[in-house]
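# Observations on chain architecture
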Amino acid sequence: MSDDAVLEVTDLHVSFPGEKGRPLAAVRGLSYQVRRGETLAIVGESGSGKSVSSMAAIGLLPTNAKVTGSVRFRGRELLGLNDKEMSRIRGAGIAMVFQDPLSALTPVYRVGEAIAAAIRVHQDVTSQAAMKRAVELLELVGIPDPARRALAFPHEFSGGMRQRVMIAMAIANDPDVIIADEPTTALDVTVQAQILEVLATAKQATGAAIVLITHDLGVVAGFADRAAVMYAGRPVETAAVQELFAAPKMPYTAGLLGSLPRLDAGRGVRLRSIPGAPPSLAELGAGCPFAPRCAFAVDLCRTTEPELLEIGQGRAAACHRTGEGLDLMAGPNGDSGLTDQASGIPDTADTEPEATSDAEGVEGALAEPEAPTKSEAAAVAAPVGVAEPVLTVRDLIKHHPLTKGSIIRRRIGTVRAVDGVSLDIPAGTTLALVGESGSGKTTTVMEILRLRTPQGGSISVLGQDLEALNRGRGVRRRAQPVRAGIAAVFQDPLASLDPRLPVGDLLAEPLRTHGHGKTAGRVRELLEMVGLEASHANRFPREFSGGQRQRVAIARALALEPRLVVLDEPVSALDVSVRAGILNLLGDLQRELGLAYLFVSHDLAVVRHVADRVAVLNLGRIVEYGDADSVFEDPRHPYTRALLSAVPVPDPVVERQRERIVLPGDPPSPVVLDGDAEALRGCRFRSRCPLYAALEKPEARELCESTDPALTPVGDADRSAACHHLDAWVPALVQSGTVA
Amino acid sequence: MTAEGLVLAEEETAMTAPEPVALGRGRIVLRRFLRRKLAVTGLVILVLMFALAFIGPYLTSWNYKDQDYNNFLTGPSATHWFGTTQIGSDVYAQTMRGLQKSLIIGLLAAVLSTGLAGIVGATAGYFGGWTDRVLMWFVDLLLVLPSFLILAITSPLFHGRTWLLFVILLAAFNWMVTARMVRGLARSLREREFVTAAEVMGVHPLRIITRHLLPNMASLLIIDATLNVGGTIIAETSLSYFGFGVQPPDVSLGTIIADGTDSALNYPWLFYPAGILLILTVMAVAFVGDGLRDAMDDAAGTAASTSTSGGAA
Amino acid sequence: MGAFLLRRIVNYLVLITLATCLGYLLAASSLSPREYFAQRQPPPPVASVNATLNQLNLNDKTPLEDRFAHWAKGVVTGDLGKTIDDTSVSAEMGRRMGVTLRLVLFGTISGALVGVALGFVSAIRQYRPSDHTITFLSFLVLSTPVFLLAVLLKIGTVKINQAAGTTLLPYTNETTAGLTGGWFRHLVDRGQHLVVPTLSLMLGQAALFSRYQRSAMLDVLGADYIRTARATGMRRGPALVKHGLRTALIPMATLFAYQMGMLLTGVTFTEKIFGWHGMGEWFVDSIGRQDVNAVAAMVLFTAVLILIAGLLSDIAHALLDPRVRD
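This one's a predicted model, so the numbers in the text were calculated from it and none came from an experiment. (Residues numbered from 1 in each chain as written. Chains lettered and ligands numbered in written order. Predicted model: local features only at pLDDT ≥ 70, side-chain atom pairs only at ≥ 80, totals over all residues. Heavy atoms only, no water.)

### A few points about the overall build of chain A
Tallying secondary structure elements over chain A gives 29 helices and 25 strands in all. Every one of the 740 residues in chain A was classed for burial, and the buried ones make up 60%. By element, 52% of the accessible surface of chain A is carried by carbon and sulfur atoms, the whole surface being about 27800 Å². (Helix = DSSP H or I, 4+ residues; strand = E, 2+ residues; numbered from the N terminus. Buried < 20%, exposed > 50% of the residue type's maximum accessible area, 1.4 Å probe, protein only. Areas by Shrake-Rupley, 256 points an atom, 1.4 Å probe, with all protein chains shown as cover.)

### A word on the packing of aromatic side chains
Enumeration over the complete set of coordinates arrives at 24 aromatic pairs over all chains. Centre to centre, the rings of Phe242 of chain B and Phe269 of chain C are 4.6 Å apart; their planes meet at 10°, and the pair counts as stacked. With Phe242 of chain B in the loop between helix H10 (205–241) and helix H11 (253–261) and Phe269 of chain C in helix H11 (residues 250–274), the pair connects residues from two separate chains. As far as the burial class goes, Phe242 of chain B and Phe269 of chain C line up, both buried. Summarising the aromatic geometry, the rings of Tyr36 of chain C and Phe37 of chain C are spaced 5.4 Å apart at their centres and angled 75° between planes, so their arrangement reads as edge-to-face. Overall, the relative accessible area of 19% leaves Tyr36 of chain C in the buried class. Look at Phe37 of chain C and you get buried, because its relative accessible area is 5%. (Phe/Tyr/Trp six-rings, centres within 6.5 Å; stacked < 30°, edge-to-face > 60°.)

### Details of the packing of helix H5 (residues 89–124) of chain C against helix H6 (residues 129–142) of chain C
Residues and elements named next belong to chain C. Direction vectors running N to C along H5 and H6 enclose 135°, while the axes themselves pass 8 Å from each other. Relative to H6, the element H5 is oriented oblique. Regarding H5 and H6, the two cross each other, and that crossing is left-handed. In this structure, H5 uses Leu118, Val121 and Ser122 to contact H6, whose residues at the interface are Asp131, Ile134 and Thr135. In terms of residue class, the contact of H5 with H6 is made up of three nonpolar, two polar and one charged. (Axes fitted to C-alpha atoms, helices over the stretch in contact; angles between N-to-C directions. Parallel < 35°, antiparallel > 145°, perpendicular 65-115°, else oblique. Left-handed = near helix turned anticlockwise from the far one by under 90°. Contact = heavy atoms within 4.5 Å. Nonpolar A, V, L, I, M, F, W, Y, C, P; charged D, E, K, R; others polar.)

### Re the pairing of strand E11 (residues 309–312) of chain A
Residue and element names in this part refer to chain A. Strand direction decides the pairing type here: E11 and strand E12 (residues 315–317), joined by three bridges, are antiparallel. Bridging from a neighbouring strand, Gly312 pairs with Arg315 of E12. Counting the residues that bridge the hairpin from E11 to E12 gives two residues, and of these Gly314 lies at a positive phi of roughly 65°. (Pairing = 2+ DSSP bridges.)

### Digging into the sheet that holds strand E1 (residues 5–16) of chain A
Residue and element names in this part refer to chain A. What the four strands build is an open sheet, ordered E2-E1-E4-E5; its pairing is antiparallel. Edge strands, defined here as strands with exactly one partner in the open sheet, are strand E2 (24–35) and strand E5 (76–77). Set on the sheet, helix H1 (residues 50–57) makes contact with E1, E2 and strand E4 (66–73); between it and E1 the angle comes to about 115°.

### So, helix H21 (residues 520–529) of chain A
Residues and elements named next belong to chain A. Among the residues of H21, those classed as buried are Arg522, Val523, Leu526 and Leu527. For H21, the angular spread of buried residues about the axis comes to 135°, placing them on one side. Tucked inside the fold, the buried residues of H21 contact helix H20 (503–513) and helix H22 (546–558). After H21 finishes, the residue Gly531 shows a positive phi value of roughly 85°. (Arc of directions from axis to C-beta.)

### A short note on the pattern of salt bridges
Any two side chains of opposite charge can pair, given that their charged atoms come close. Enumeration over the complete set of coordinates arrives at 54 salt bridges over all chains. Of the charged contacts, one joins Arg416 of chain A and Asp419 of chain A as a salt bridge, the two residues approaching to 3.1 Å between their closest N and O atoms. Assessed through its relative accessible area of 18%, Arg416 of chain A is described here as buried. For Asp419 of chain A, a relative accessible area of 7% gives the class buried. Here Arg183 of chain B and Asp132 of chain B are joined by a salt bridge, their closest N and O atoms 2.7 Å apart. Here Asp132 of chain B lies in helix H5 (residues 129–144) and Arg183 of chain B lies in helix H8 (residues 176–190), a separation of 51 residues in the sequence. You can call Asp132 of chain B buried: its relative accessible area is 6%. (Salt bridge = Lys/Arg side-chain N within 4 Å of Asp/Glu carboxyl O.)

Quick look at the structure:
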């Protein structure tokens, strides 16, 4: 134990009273210490106990929580302190930054007041002085025009700005430790990059230690010094970040790293997936909680839970097989004996398809990075090829009025949600639609799915023009065959599956709607197709894990044998360790059934993994469009470059070397206020555009200010981008070679 | 935040081996309901009240219309358990009859009004636009006039007709607040992805309302209907108190209390039995409704319960 | 804010107009003034009844739309017509309005304050004895119809007065008849008379507000921003009041509008039972007298009050919640 540790947690246990009198153990023996100026990441998925442990450290758990062990702050034991004593430490000694900054700020107070109040809790200053300090803090965290913005209410801020306010509040009393609980999870990638910078600034300004709680290994790689990986309430591995990523010693860590889609990997590479889902705390058995999902598990693992043992300088792992020198990153396919074990997992409904069909799994794993399998398969499935698109969108426009006031509404402007989008999806291929929040991705998708006459432009689904479809009588009946050919999978399966219906009924619904009499057989077939069991038809969505639910949603989408499936952020709501399984399943299904995908995502790493072609959306417009490999390897539009550079790479070596383009400001809003003609003039990206900011010639800048750039072909035939200065070379935009 | 909430939130996506289907939602709700003492007490009292209302009249030889010319204003005795009135009516028989009447009217009107509220609210909420505006404006209009006022004014219309007309009117002017609530819920359900999913699948709107919206609001409607029973019993007795409700020779708890009010100090048996039964009944209903709400809210899993799971956290 | 209020008021005026018209039409088609005269002893001749009814615009032989038009024309010029006893409705209303308003005002304000306080205590002490007690008592009050509550209060007051040996709390009428003395004596006397009737309204209000405040408070107790406030080092008590209660008050603004109808129903019973000559008493008596115009006046009065409550609650909502401003 080092003397200079400001926060030292030893053997922390937290449990809650459970349903049947059996306590739920949320944290089971967590130990760590952080020094001033150091960043420790606590990594884990939902239910791993990472958030509960931080709340326990600052004594804000509900009173019925049972906390044992030791939490020492600068040598002083915190567990057992009363509220009065704890309150002196909270905020002043240990400060918190929470995940969702909208709900974390009291809606009725101005942000300046909130920060001033936080100051006055610990410092005996006048309210004027506190307010003055609040404005300074707001400036420090990068809020423009802080004196004015201090008087605004939280709902008048964007998510990123609110998170800055949270950080300002956390550093208001110069704390020694800042605990940041998923501080960037709800934010866009470009904003995430900004917030991480602000956190770094805050760390510098206060010299505090940071405990970063996150599920995102990319963030860990770039930001943390050391990391503790938690699984089912226990730390399973602790290490310095470089070592952790270079050579994980616990199969779970290795699995997580292997299952991450990466920007720097090629397209179509089969991801290593971890079967199953994180366990529920209520039903932990005696053995290693990861054993049911572990490809390396032996009998000992199922009976005895391994201790977290020191295996080197500042390194520890909880695995019975640590000493055996296994190559965890090579995966079970490297060793056929282990493969058998993996496929022999009993009763794990989430078992991945490749685990049950060996040949395919091996083929996938052995394939070279630039796996040609996919495009070949696509060509076979769609012999007509590019000639026959399943979806054609031309100049799609969707504007809706913006109203204000929740009691009486009045129109104050227009939301130009989709402002001229053109797309094509050839049969059997994947087009990814990429953009930040407010870019118009979801609106575009819903315009297509609802099959209504578009407000402007045209949509043609499976060769059927929607305007023609909606003309005349009997629209509902005539639209049915088109509806059968296009299906959708949404982001959150818990939300997109009616909780009141059993899975059998959910899958039968599209069949019945489209007049199929006998459904039972097809339902069974569908369940098996997505790797579930026929017996699951009687269960309700709530009884499944997140990954299984998404499988149900995929099965439902396939019910009518569609040719085009719209996937709206299909893995964003899922735990990291189950994402890979879903992505692999989607790839398999596409190959087997010749499906075309419209894949909507904000996650560029995922897109890199699945897309044949990419459309980058900003403010309702496509700014860059083309072959995925080509776009990812050589992005031309400054926005695409910035987006790519904002994605953290889960590799500390790469992550710390590469140069980053951090876009200023928030993702712009597609709102144009009535009477604001200026907003529509020129290139609409220029307010955040690093290229525009770096342009030296006034003529060049004038061009951006006066003329809206159109999509123009770039290089080879299949690529286009909307920028006046595609060939301009600006130092700020130099890509570090390692990213692409 | 409760401990359970905290853990469940963390675990939201971590449920693997689920409870068997047989132990479905109904059982969970029941189990949670039975754990609440007040709610169970309420249920027991309510059952007793119904038993009393329907079996009670047969326990005595007196009919509520009978008059005992030997006993005027006598206190409780072996022959007249609750005493007699100024004109020699048996207070026990009257009270049992009144209880029966109040219970039936309350129950029927509550179910009718909740049903109406469900249909109007779900229609307005799901379709939105003009349908919504027109319906909700109508609701606003009716809310400007307290139902008591309207029912009092229209009371001469159902004098001498069947009491069922009274029930219908009672329901007809009592659904507005619930309808607003249902509409709000329907609007939020409409935005939920499972409704969107059904829409893009081509499911017919009416089928979406009946198969997806209403079942997901079931717990709200059940709770509301329960609490409405108490509300309509109060409304009915209040109207009857002024003579605007149940008409003589029939009696309700309201008319009995009205008759006993002036002599409550000197002849307490005219007033207290009906008063106490009335309070007990309404309170029992309230406890049951409250218990149901707690049990159903906790059992969650319904779309009606507020939030969905957050991101990948 | 100004434009918003204006639109609101216009909307309300339309609602008031429609509600009052609806009230008149219902009353005119449901009540039968002819019966009121026909039942007199000795029965007056039909011709004279018709003449009186015509003069009062109450003749059921005149088509409803004509009677309505006549009444509406009068209302537009501020004349609410004649009561069935040929006195001015407006004048009678002027006399009675103040009485009812006094009860409503004191009942609402005291009820809301007490209810909010009880609900707050109940929520932060959830499942403790104080919460159970408050919950039980508020259920008890809410399960007791106003007429029963008023009668019970009356009986209770009699018992107290008997025990005290003097009229500590008068419970009938607004003032003591024939009281002599200075203005102060009169004021105290009025105050004393106000206590019990106000209590009959206040208890129900307090119970209702306490239930809603409790659940609103429970909702915010788990809110992230309270956790944030606590994480900055604020103690539990101040955090609960400054962040919790402050936010949990917002939904109460809406409740304020919704309970006005209930309160106006309740005031009818209070006035009847405690012998206050207000609008509620008049309404009940007027229905007995088949007095169409007086009943319509009560409908107008009610609609105006409910919508004023609605307007006030909108304003309160906007003041409490910055998210609905502008």
